[in-house]
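# Structure assessment
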Amino acid sequence: MHEAASSQDRLNDFAIKLANVNGTGSASANALLMKSMFRMGIPVMGKNYFPSNIQGLPTWYEIRVSGDGYVARSGRIDLMVAMNAETYARDVKEVSPGGYLIYDSSWPRPALLTRDDITILGVPLARMCNETFEGVRSRILLKNIMYAGVLAALLNIELDLMRSMLGESYANKKSLLEANVRALEIGHNYALAHFTCPLNLRVARLNKTTGHIMIDGNTAAGLGCMYAGATVGAWYPITPSTSLMDSFKSFCQKWRVDPQTGKQNYVIVQAEDELSAIGAVIGASWNGARAFTPTSGPGISLMNEFIGLAYYAEIPAVIFDIQRVGPSTGMPTRTQQCDLLLAAYASHGDTKHVLLFPNSPEECFYTAIQAFDLAERLQTPVFVMSDLDIGMNDWMCPALQWDDAYQPDRGKVLSAEQIAKLDKFQRYLDKDGDAITYRTLPGVHPKGAYFTRGSGHNQFGGYTEDSTEYQVVLDRLRRKFDTAKTLVPAAVMTGRGNQSVGIVSIGSCDGAVREAIDILKRRGIQVDYLRLRAFPFGKEVEDFLASHSTLFVVEQNRDAQLRSLLTLETAVDKKKLRSILHYSGLPMSADVIVTGLVAELGVVPVRSVV
């Protein structure tokens, strides 16, 4: 063991990172660690950085322990568990000064002992596994549980709680349960015998997770689709969106099957490509079903032609874009917010689409429901712009709530009785002045029949190539986008609203922004913050932009796409806009925002404010 000067006491406030090899079963051990602390009442956040191949490449799992409930990456690593020899050099460098590194000392690793400002703890994990367990695969898997036991002792995680959780996982597999508990205890006992336990990094019970759950955004969105009344899902598998459809399917299999007849009242279609998937969604929506597709950037690219059809023919469709790194294939298992412009103006010609920006799995659930209501009320495609960080990582969220009185907003759909009273059904005629026309569903009444077309049509639904008739329809679609501004979720402001400096951001940046605001406040810098929840931008966005002399737009892409949307779609003076950009593929941390804002303003922070 190599000891360095210990860092300051870090009770319920530190970050650990576990470096492993993809395909070795480390996910179970990492989840055990995080969820054990969660059950101790301590707010935690888990972020998984995994390769896009099946197995064999490096993978990392980062757990942030934050008694204050911060959800962004901390920007530091206080404890590294280095289980992958190929990444030792990188992993050692990443540990913050005063931190700790744990490694498998079954074999000499002199190259590890190269930093005097961290403490290095060697544990002979492989040797102990080889001496205790049979079978190569079992030894690999149990080695991970063993390091979980080591961390339990070092960090003061309650061992009985971890035993109980293993019991839940292996309730019907006695031999596996016994082996996992034994591995956990071996690691725990070794740490107690050889190290000072607990470390200055440690946890202690809190009561801050009551009423909360751990969930990822794709699971929450899939649940939201079911609660919203979606009955048709069509998709082509693509990382990182596939688990959304997997979740929807599992929920439907449990709750959407008639217990008497065994008949399912849902349809899931795995199409041959993304274009076919959105085509199935449009067809199902035209027939009156609530239908959706989950995808990512490359899928949106392929869907463009049919997205334009849905916009112009005015057919509801819900599209979940779980954004990942691009261009092209990019890095499929890394996060970004790089599809904003692609989705906002998807398809050729003059199109504008509604975008919704959830900031967490909790909002993914509620936003999914809003998306279906908006799509049907506006008769247009609606995009839910999530990302890999939200979609595939474990977040602590308030328990999801449901109102049994909820009724889907189907919008202006005429019943058979209403159609029968009409002299003539005119599909694209604006009767109410809100630019939203009345629609019918197939088979409801013969008088309501019309031919849906993506080519030129007039306000009566007939084919046309007349310039004036075409412009009447296109101008109404623009006015409908203005109506959408009054229907989409309003932006949320944090602060008094009277500061000269404002921050504007979206989605998964929210946690980092909120933490940055707290840091800036302690340094004597006050800012206001506007979190956009939807596009098009409402009046409250225009007012915020107009009332602040300096505006920082925080987003996760290279080309400042949100800033571009703001300059294109609002009256803001673009000279007021400053960009803080993060596009490494890793989730954003607060220090990126603090550093960028202070450097841009050129201010010297005053004394800290307690």
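Residues numbered from 1 in each chain as written. Predicted model: local features only at pLDDT ≥ 70, side-chain atom pairs only at ≥ 80, totals over all residues. Heavy atoms only, no water.

### Structural notes on the packing of aromatic side chains
This is how it is decided: Any Phe, Tyr or Trp ring, taking Trp's six-membered ring, that has another such ring centre within 6.5 Å forms a pair; planes under 30 degrees apart are called stacked, those over 60 apart edge-to-face, and the others tilted. Where helices and strands are cited, they refer to DSSP runs of H or I of at least four residues and of E of at least two residues respectively, numbered from the N terminus. Think of it in three bands: residues with accessible area under 20% of the maximum for their type are buried, residues over 50% are exposed, and the middle band is partly exposed, with areas taken using a 1.4 Å probe on protein chains only.
As enumerated under the stated definition, the model contains 13 aromatic pairs in all. An angle of 80 degrees between the planes, with centres 6.5 Å apart, marks the rings of Tyr345 and Phe535 as edge-to-face. Here the residue Tyr345 occupies a position in the loop between helix 11 (340-344) and strand 14 (354-356), and Phe535 occupies one in strand 20 (residues 534-535), the gap between them amounting to 190 residues. Accessibility expressed as a relative area gives 24% for Tyr345, which makes it partly exposed. Note on Phe365 and Tyr366: the rings are 5.0 Å apart at their centroids and 75 degrees apart in plane angle, and the pair reads as edge-to-face.

### Describing the sheet that holds strand 17 (residues 492-494)
The line we're drawing: Criterion used throughout: strands pair if DSSP finds at least two bridges between them. Axes here mean lines fitted to C-alpha atoms, for a helix over just the part in contact, with angles spanning 0 to 180 degrees between N-to-C directions. Two residues qualify as a contact provided that any one of their heavy atoms is within 4.5 Å of a heavy atom in the partner residue.
Read across the sheet, five strands follow the order 17-19-18-21-22 without closing on themselves; strand pairing throughout is mixed. The open sheet is flanked by strand 17 and strand 22 (577-581), the only strands paired with a single partner. Across this sheet, the average inter-strand angle for adjacent strands is 25 degrees, counted without regard to direction. Relative to strand 21 (residues 550-555), helix 18 (residues 561-569) is tilted by about 130 degrees, and along the sheet it contacts strand 18 (501-506), strand 19 (528-532), strand 21 and strand 22.

### Points about the pattern of salt bridges
Defined as follows: The rule for a salt bridge is simple: a side-chain nitrogen of Lys or Arg has to be within 4 Å of a carboxyl oxygen of Asp or Glu.
All chains considered together, the criterion is met by 33 salt bridges. Note that Arg10 and Asp78 form a salt bridge whose closest N and O atoms lie 3.1 Å from each other. Taken as a pair, Arg10 in strand 1 (residues 10-11) and Asp78 in the loop between strand 4 (58-66) and strand 5 (79-82) lie far apart in primary sequence, 68 residues in all. You'll find Arg10 and Asp78 in the same group, each marked buried. Among the ionic pairs, Arg290 bridges to Asp373, the shortest N-O distance being 2.7 Å. With Arg290 in the loop between helix 9 (274-286) and strand 12 (291-295) and Asp373 in helix 12 (residues 361-378), this pair connects stretches of sequence that are 83 residues apart. A single burial state applies to Arg290 and to Asp373, both of which are buried. When salt bridges that share partners are traced, they join Arg290, Asp373, Glu376, Arg410 and Arg439 into one network.

### Observations regarding the domain arrangement of the protein
Let me state the cut-off plainly: An automatic or database domain assignment is the source of the domain bounds shown.
For the protein, the assigned domains read domain 1 (10-202), domain 2 (215-398), domain 3 (416-487) and domain 4 (492-601). A separation of 39 Å is found between the C-alpha centroids of domain 3 and domain 4.

### Brief notes about the environment of Ala571
Position of Ala571 relative to the elements: it lies in the loop between helix 18 and strand 22. We classify Ala571 as exposed; its relative accessible area is 68%. When the C-alpha positions of Ala571 and Ala546 are compared, they lie 8.3 Å apart, and in sequence the two are 25 residues distant.

### What about the side chain of Glu569?
To be explicit about the condition: Polar contact criterion, stated in full: a pair of N or O atoms within 3.5 Å, where within protein one must be able to donate a hydrogen and the other to accept it, and residues adjacent in sequence count only if both atoms are side-chain atoms.
Of note, Glu569 is situated in helix 18. At 2.6 Å, the side chain of Glu569 forms a polar contact with the side chain of Tyr345. In contact with Glu569, other than residues within four places in its own chain, are Tyr345, Lys352, Phe535, Phe537 and Glu542.

### A short note on the packing of helix 5 (residues 159-169) against helix 6 (residues 174-194)
Put simply, the rule reads: Angular relationships are summarised with four words: roughly parallel below 35 degrees, roughly antiparallel beyond 145, roughly perpendicular across 65 to 115, and oblique for the angles in between. By definition, any crossing whose near helix is turned counterclockwise from its far helix by less than a right angle is left-handed, and any crossing with a clockwise turn is right-handed.
Between helix 5 and helix 6, the least distance of the axes is 10 Å, while the angle of their chain directions is 160 degrees. Relative to helix 6, the element helix 5 lies roughly antiparallel. Along this stretch, helix 5 crosses helix 6, giving a crossing that reads as right-handed. Contact residues: Leu159, Met162, Arg163, Leu166 and Gly167 in helix 5; Leu177, Asn180, Val181, Leu184, Glu185 and His188 in helix 6.

### Section: helix 17 (residues 539-546)
Under the convention used in this document: Note that the arc is computed from the directions linking the helix axis to the C-beta atoms.
Listed in full, the buried residues belonging to helix 17 are Val541, Phe544 and Leu545. The buried residues of helix 17 all sit within an arc of 95 degrees when viewed along its axis, so they share a single face. Opposite the buried face of helix 17, at more than 90 degrees from it, the exposed residues are Lys539 and Ala546. Where helix 17 is buried, its residues meet strand 17, strand 18, strand 19, strand 21 and helix 18.

### Points about the sheet that holds strand 2 (residues 13-21)
One open sheet accounts for six strands, arranged 3-4-2-5-6-7; its pairing is mixed. With partners counted over all chains shown, the strands left at the sheet margins are strand 3 (44-49) and strand 7 (119-123), one partner each. In this sheet, adjacent strand axes meet at a mean angle of 15 degrees when their direction is disregarded. Where strand 6 (residues 100-104) lies against strand 7, five bridges are found, and the strand directions are parallel. Across the sheet, residue Leu101 finds its bridge partner in strand 7, namely Ile120.

### Let's talk about unusual backbone geometry
Most peptide bonds take the trans form, and the phi angle of most residues other than glycine is negative. Of note, the bond from Thr239 into Pro240 is cis; its omega dihedral lies within 30 degrees of zero at 10 degrees. Here Pro240 is to be found in the loop between strand 10 (232-235) and helix 8 (242-255). For the peptide bond that leads from Phe535 to Pro536, omega is 15 degrees, which places it in the cis range. Take Pro536: it is sitting in the loop between strand 20 and helix 17. Unusually for a residue other than glycine, Ser347 sits at a positive phi of about 90 degrees.

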